[in-house]
Amino acid sequence: KEKAGTVDLLAIIPKFFTMEHNQNFLNNELTVDAAAQNHLKETAMWAKFLGIVGFIMSAVFLLIAIFAGTFFSRVMEQQPTAGPNPFASMGAGIFAAVYGFISLISFGLSYIVFRFGVKTQAGLRSADQSSLNAGLLNLKLLFRIHGIIIIIYLGFIVLAIVFGAVSALMAR
């Protein structure tokens, strides 16, 4: 017998991980009350701000990527004790490619966040359900992409642990 106010986690966990996309959890039409509208309005405002800051950071990363080669070649020229290093330009190229990739990913995520803010604000301002839905679709897309990035990141961590363990066992 369950106590009042307790939840059976074993019954909830399988339902949580099934991820049915078109499942309607609401039996009635959902309305956005004044409190939810204020929360969405403030969230959209912050999303636009974060999107703009993300655009600026993407530009900074892109500038770093563009000028990385020049910077690394100047640093290598100022090293009098080190002889000519043929791998210095390759390192600068890899650095530029990584920062260029970070810039592209950052710009894409910032664009989605900004679009969420703009569409959600427009939908709330004009009481247009399709604009609000478009804004929330961008939020869903943002979380989906973040989830994919986290899964890839965790995969790299698992690979690093496996390779580290294999290297340690082979070194014996």
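### Describing the overall build of the protein
Summing up its helical and strand segments, the protein has 4 helices and 0 strands in all. Mapped in sequence order, the helices and strands of the protein form the string α-α-α-α. Working note: accessible area of the protein is about 13,600 Å², and carbon and sulfur atoms make up 70% of it.

### Remarks on a nonpolar patch on the surface
On the surface, Met45, Trp46, Phe49, Leu50, Ile52, Val53, Ile56, Met57, Val60 and Ile64 cluster together into a nonpolar patch covering about 880 Å² of accessible area. Structurally, the position occupied by Leu50 is in helix α2 (residues 34-77).

### Remarks on unusual backbone geometry
One non-glycine residue, Ala127, adopts positive backbone phi at about 55 degrees. Note that Ala127 resides in the loop between α3 (88-126) and α4 (129-170).

### Re the packing of aromatic side chains
For the structure shown, the criterion picks out 6 aromatic pairs. For the pair Phe55 and Phe107, a centre-to-centre distance of 5.2 Å together with 35 degrees between the ring planes defines the contact as tilted. Taken as a pair, Phe55 in helix α2 and Phe107 in helix α3 lie far apart in primary sequence, 52 residues in all. By the ring-pair criterion, three or more aromatic residues cluster together here, those being Phe55, Phe107, Tyr111 and Phe114.

### A short note on the nonpolar core
With 6 residues, the main nonpolar core is built from Ala47, Leu109, Ile112, Val113, Phe116 and Leu142. Among the elements that line this core, the one with the most residues is α3, at 4 residues. What Val113 contacts, discounting residues up to four positions off in sequence, is Ala47, Leu50, Gly51 and Leu142.

### Looking at α4
With 42 residues, α4 extends 61 Å from end C-alpha to end C-alpha; this agrees with the ideal 62 Å at 1.5 Å per step. Those residues of α4 lying buried are Ser131, Leu132, Gly135, Asn138 and Leu142.

Each value, and the rule that gives it
Residues take numbers from 1 onward in each chain, read along the sequence in its written order. Totals for whole chains, interfaces and linings use every residue, but because this is a predicted model, local features are given only for residues with pLDDT of at least 70 and side-chain atom pairs only at 80 or more, for both listing and counting. No hydrogens and no water enter the side-chain calculation; it runs on all heavy atoms of the structure. We count a stretch as a helix when DSSP gives it H or I for four or more residues in a row; a strand needs E for two or more, and each element gets its number in order from the N terminus. Note that accessible areas follow from Shrake-Rupley with a 1.4 Å probe, and for residues the cover is restricted to the protein chains shown. What goes into a patch is any residue over 30% in relative accessible area without a salt bridge, connected to like charges within 9 Å or, for nonpolar side chains (Val, Leu, Ile, Met, Phe, Trp, Tyr), within 5 Å. Should a side-chain nitrogen of Lys or Arg be within 4 Å of a carboxyl oxygen of Asp or Glu, the pair is scored as a salt bridge. Only rings of Phe, Tyr and Trp enter the pairing, Trp through its six-membered ring, and a pair is recorded when the two centres are within 6.5 Å. The plane angle decides the type: under 30 degrees is stacked, over 60 is edge-to-face, the rest tilted. Only buried Ala, Val, Leu, Ile, Met, Phe, Trp, Tyr and Cys residues count toward a nonpolar core, and they belong to the same one when joined by side-chain atoms within 4.5 Å. For every residue, the accessible area obtained with a 1.4 Å probe (protein chains only) is divided by the maximum for its type, and the residue is called buried under 20%, exposed over 50%, and partly exposed between those limits. By the convention used here, residues are in contact when the closest approach between their heavy atoms is within 4.5 Å. For a helix, the expected span equals 1.5 Å multiplied by the number of residues minus one.

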